[in-house]
Amino acid sequence: MTIELNDMKTPYPHPSVNLLTTPLKRAIVALCMVMFTALMPVKLFAQTPIITSFSPANGPVGTTVTVSGTSFNATAVNNIVFFGATRATVTVASATSLTVSVPTGATYGPITVLNTANNLAAYSARVFMPTFTPNTGSITTADIAPKVDFATGTGPIDVAIGDIDGDGKPDVVILNQNSSTVSVLRNTSSPGN
């Protein structure tokens, strides 16, 4: 299935991806993919990338992860990789393997690979689980920052996370039923904040 926007077509997540459970979350993923593919030419009969595995299955920020599969781009900068909602940097690439580092802000979710040469994407069947250091074994109130309130429209009914502005950091999107609006809370944090 593809999504068409201004005569541009972009791949949409395969129907078997069941982590995208709401229309808003599916729309956020589609919007992120449109952002990264809108200016790229589409080649007919291109091979869709496939993620067969990745290792390790979890780790903290900075962990080197090897993503194995087929139809990746052999040029590192021609692959866009997401850990959940956050874009990672590809350091080494071949048609069957990508080496990436877990980015700051990685979220629990599938690993996504977009081959920018053909605008086709792959989603891992398993999710990557970011871990945190130091790992104390439990979460206490000392691990949680004070509450911060953000203004949204009225009647918020759904929330999704995605890199809406393409800066590599997860942003928050809220669907507001009563005001018929969508609120976007941009992640303007800097490392350590």
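That block above? That's the structure.
Residues numbered from 1 in each chain as written. Predicted model: local features only at pLDDT ≥ 70, side-chain atom pairs only at ≥ 80, totals over all residues. Heavy atoms only, no water.

**Q** Summarise the overall build of the chain; cite the residues concerned and give the values.
**A** Each helix and strand in the chain was counted, giving one helix and 13 strands. Shown N-terminal to C-terminal, the secondary structure of the chain runs as helices and strands in the order β-β-α-β-β-β-β-β-β-β-β-β-β-β. Looking at the 193 residues of the chain, the share that counts as buried comes to 39%. Intrachain contacts of the chain at a sequence separation of at least 6 include 51% that bridge at least 24 residues. When the accessible area of the chain is evaluated, it comes to approximately 11100 Å², of which 60% is carbon and sulfur surface. (Helix = DSSP H or I, 4+ residues; strand = E, 2+ residues; numbered from the N terminus. Buried < 20%, exposed > 50% of the residue type's maximum accessible area, 1.4 Å probe, protein only. Contact = heavy atoms within 4.5 Å. Areas by Shrake-Rupley, 256 points an atom, 1.4 Å probe, with all protein chains shown as cover.)

**Q** With reference to specific residues and values, describe the nonpolar core.
**A** Of all hydrophobic cores here, the largest spans 19 residues; its most connected members are Val65, Val67, Val81, Phe83, Leu98, Val100 and Ile111. The element that contributes the greatest number of residues to this core is strand β7 (residues 86-93), accounting for three residues. Apart from the residues lying within four places of it in its own chain, the contact partners of Phe83 are Val65, Ala88, Val100, Ser101, Val102, Pro103, Ala106, Thr107, Pro110, Ile111 and Phe128. Judged by nonpolar contacts, the second largest core, of five residues, contains Ile80, Phe82, Leu114 and Tyr123. (Core = buried A, V, L, I, M, F, W, Y, C linked by side-chain atoms within 4.5 Å.)

**Q** Which residues make up the pairing of β7, and what values go with them?
**A** One ladder, built from three bridges, connects strand β6 (residues 79-83) with β7; its direction is antiparallel. Bridge pairing links Val81 to Ala88 in β7. The turn linking β6 back onto β7 is made up of two residues, and Gly84 within it adopts a positive phi angle of 65°. The pairing of β7 with strand β8 (residues 97-101) spans four bridges and is antiparallel. Bridge pairing in β8 links Val92 to Thr99. Two successive antiparallel strands, β7 and β8, enclose a turn made up of three residues. (Pairing = 2+ DSSP bridges.)

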